[in-house]
Amino acid sequence: MSPGLADVQMNPPHPGTNLTGPPGHIGYPGPQAGYAVPPPGYASPGPVGFPVQHQPVTGHPGAPTQVPWMPAPLPPLNCPPGLEYLTQIDQLLIHQQIELLEVLIGFETNNKYEIKNSLGQRIYFAAEDTDCCTRNCCGPSRPFTMRILDNMGREVITLERPLRCTSCCFPCCLQEIEIQAPPGVPVGYVTQTWHPCLPKFTIQNERREDVLRISGPCVICSCCADIDFEVKSLDDKYVVGKISKHWTGLIKELFTDVDNFGIQFPLDLDVKMKAVMLGACFLIDFMFFEMTRGE
């Protein structure tokens, strides 16, 4: 979690719009209507149905400054709107925000994340959208919708995880997540692959064709070290990237379920597959690292 996020001022949410293509539509729909522009000296809007995050900007020395947003590059041809940010990077950093209610009483709240590039510039803001009963009854196995917004407040990526029983003994209970960009238009899937010992996943494109594989360690536990999930070619000969759960420090690891991740991928990888790897990171987080400490 980035320093100073606990002091972020929370404001009421702005209404959003649902971007779902009508039946039979061709191509990508136009961009969503943006959220209300924040007043001068304030940073980005927050997600639909969640508090807006405003970070004051001051110009005098020693005063806090806003988290910088990555400038929007020109979108290439055939790039889903909002994914143009991914064309110029080969690494993503995901920082989960601390929720005081979870820390104090263990009540599960909607997860929120900042997604940054290697320079620390914010690219997206992600927020879980599930109801209270689902979060606290199903725990980390819960189905969820994750809404990912760009710096204009537009929902550019939607992640949908259906409800599945969690059991390594029954292949029919394997986990899955669908990645949509823009919302309503699937660009890929991440499906769990059955294995008796290792956490394994397959990255698929929008046609359900296998593209890459993900393989994690046998024991999902470490102390003072990162945990790496390697992204490999289909024949397992080449490592093309990785998803890493970063060690966040003893206090956070013991008393919270707040996690930081890093994603590495080739710079020239298709932006859709970069978005799918982002979805894989959230699925891995919920499956292996979302357990509230003390459970």
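Everything quoted here is computed from the prediction, not taken from an experiment.

Another point: the nonpolar core. The biggest cluster of nonpolar side chains holds 49 residues, and the ones touching the most others in it are Leu92, Ile94, Ile148, Ile157, Ile243 and Phe282. Considering every element that reaches this core, the biggest residue donor is helix α4 (residues 271–289), with 13 residues. Ignoring any residue separated from it by four or fewer positions in sequence, one finds Ile243 in contact with Ile214, Ile227, Asp228, Phe229, Val231, Phe261, Gly262, Ile263, Met277, Ala280, Cys281 and Ile284.

Next up on the list: the sheet that holds strand β12 (residues 227–232). Whenever strands of a sheet pair, they do so through backbone hydrogen bonds, lying parallel or antiparallel. Around the barrel, 12 strands lie side by side as β3-β4-β5-β6-β7-β8-β9-β10-β11-β12-β13-β14; this closed barrel has antiparallel pairing. This sheet shows a mean twist of 20° between the axes of neighbouring strands, independent of strand direction. Two strands pair when backbone bridges link them, and strand β3 (residues 91–96) and strand β14 (residues 260–264) are joined in this way by five bridges, in the antiparallel orientation. Bridge pairing links His95 to Asn260 in β14. Along the sheet, α4 makes contact with β3, β4 (112–116), β5 (122–128), β6 (144–149), β7 (155–161), β8 (176–180), β9 (186–193), β10 (200–205), β11 (210–215), β12, β13 (239–246) and β14, crossing β10 at roughly 150°.

Moving on: unusual backbone geometry. The omega torsion across Ala181 and Pro182 is -5°, close enough to zero to call that bond cis. Take Pro182: it is sitting in the loop between β8 and β9. The phi dihedral of Arg208 is positive, around 65°, even though this residue is not glycine. Look at Arg208 and you get partly exposed, because its relative accessible area is 39%. In this structure, Asp236 takes a positive phi of about 65° despite not being glycine.

The rules behind these values
Residues numbered from 1 in each chain as written. Predicted model: local features only at pLDDT ≥ 70, side-chain atom pairs only at ≥ 80, totals over all residues. Heavy atoms only, no water. Core = buried A, V, L, I, M, F, W, Y, C linked by side-chain atoms within 4.5 Å. Buried < 20%, exposed > 50% of the residue type's maximum accessible area, 1.4 Å probe, protein only. Helix = DSSP H or I, 4+ residues; strand = E, 2+ residues; numbered from the N terminus. Contact = heavy atoms within 4.5 Å. Pairing = 2+ DSSP bridges. Axes fitted to C-alpha atoms, helices over the stretch in contact; angles between N-to-C directions.

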